[in-house]
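Summary of the model geometry
Okay, here's what each chain looks like letter by letter:
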Amino acid sequence: MTEQAAQGFRIDYPDPLWMQAVESLREQVVSGALRAGMRLPPERELCQRLGISRVTLRKALAHLVEEGLVRSSHGRGWYIAGEDRNEWPNSLESFSETAERMGLMPSSLVLVSTSAPASIDEAETLAIAPGTVVFRLDRVRMLNEVPIAIDSSLIPLSLIPSADSVDFRTESLYETLASAGLDLANAETTIEARPATEDVAKHLGVSVGEPTLVMHQLVRSRAERPILASTIRYAGDRYRLRTYFARGGAHGAFGAE
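It should be emphasised that the depicted structure is a prediction, and the values quoted were computed from it without experimental measurement. (Residues numbered from 1 in each chain as written. Predicted model: local features only at pLDDT ≥ 70, side-chain atom pairs only at ≥ 80, totals over all residues. Heavy atoms only, no water.)

Some points on the pattern of salt bridges
Where side chains of opposite charge bring their charged atoms close, a pairing between them can arise. The criterion, for reference: Criterion for a salt bridge: a side-chain nitrogen of Lys or Arg within 4 Å of a carboxyl oxygen of Asp or Glu. Only DSSP runs of H or I covering at least 4 residues are called helices, and only runs of E covering at least 2 are called strands; the numbering of each starts at the N terminus. Relative accessibility under 20% of the residue-type maximum defines a buried residue, over 50% an exposed one, and the middle range a partly exposed one, all with a 1.4 Å probe and only protein chains included.
Tallied over the entire structure, the rule returns 13 salt bridges. A salt bridge links Asp-151 to Arg-141; the shortest N-O distance between them is 3.7 Å. Of this pair, Asp-151 sits in strand S6 (residues 146–156) while Arg-141 is found in strand S5 (residues 133–143), placing the two residues ten residues apart along the sequence. Assigned by exposure class, Asp-151 and Arg-141 land together as buried. Between Arg-220 and Glu-188 there is a salt bridge, and its shortest N-O distance comes to 3.1 Å. Residue Arg-220 is located in strand S8 (residues 211–220), and its partner Glu-188 is located in strand S7 (residues 186–195); the two are separated by 32 residues in the primary sequence.

Regarding the packing of helix H1 (residues 17–31) against helix H3 (residues 54–67)
Just so we agree on the cut-off: Working convention: axes come from line fits to C-alpha atoms, limited for helices to the stretch in contact. Angles between N-to-C directions cover 0 to 180 degrees. Roughly parallel refers to an angle under 35 degrees, roughly antiparallel to one over 145, roughly perpendicular to one between 65 and 115, and oblique to any angle outside these ranges. In this scheme the crossing of two helices becomes right-handed for a clockwise turn of the near helix relative to the far one and left-handed for an anticlockwise turn of less than a right angle. Note on contacts: a residue pair qualifies if any of its non-hydrogen atoms lie within 4.5 Å across the two residues.
Between H1 and H3, whose axes approach to 8 Å, the crossing angle comes to 55°. Overall, the two elements H1 and H3 adopt an arrangement that is oblique. Where H1 crosses over H3, the handedness of that crossing is right-handed. Seen from H1, the contacting residues are Leu-17, Trp-18, Met-19, Ala-21, Val-22, Leu-25 and Arg-26; seen from H3, they are Thr-56, Lys-59, Ala-60, Leu-61, His-63, Leu-64 and Glu-67.

This is the structure:
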């Protein structure tokens, strides 16, 4: 079969087919059809779309890797490179604030939004009595529609009684807490590597067992009152934490709502 793309690639065109494929993919990135962090379709599907052989496609992808526009992930395929490897600073700011600073569009898929009595462990973490009603919010956090993390948050309902009426698909939890007059001052944070469970893999678009970064965070007020407890599971290849160490100690409260 003649190797010629259905979308108009020309064998008699000055540029070879692999370069025409490079230009086609590059134009889709520039137009926003392909965004940082997005996974490209499987090679077989790409070949069919572009009307080229797998050898030609791989030559085009290799060129885009050299340009820094595309990256490969062993066993998972090809991804659009760039801003998907997000860097959080050593300051306490919400996911929405970080996205705005980076020029990206934040959004969320709400998985759980409910109120229930706190368990003994939850009560101990938040320094409240067992059985106190807490608001639980689980979300898939996205930047430019690319899933970055799964955020599970827990707040005493008394701090934000109207939480059930807030649309957390677009609203910031930090801003909601601040609007309620709460002062988010610092966060005690631990980070560890954990393999992705089936549920995490499904929501983040990674393979089961693939390493993820799990951040456990307890946000307190200036009076050291616990306000928010969260566990955030980041796709390991889409997150980078930046901090600062000085002789005699380390500085930095890490955060992403």
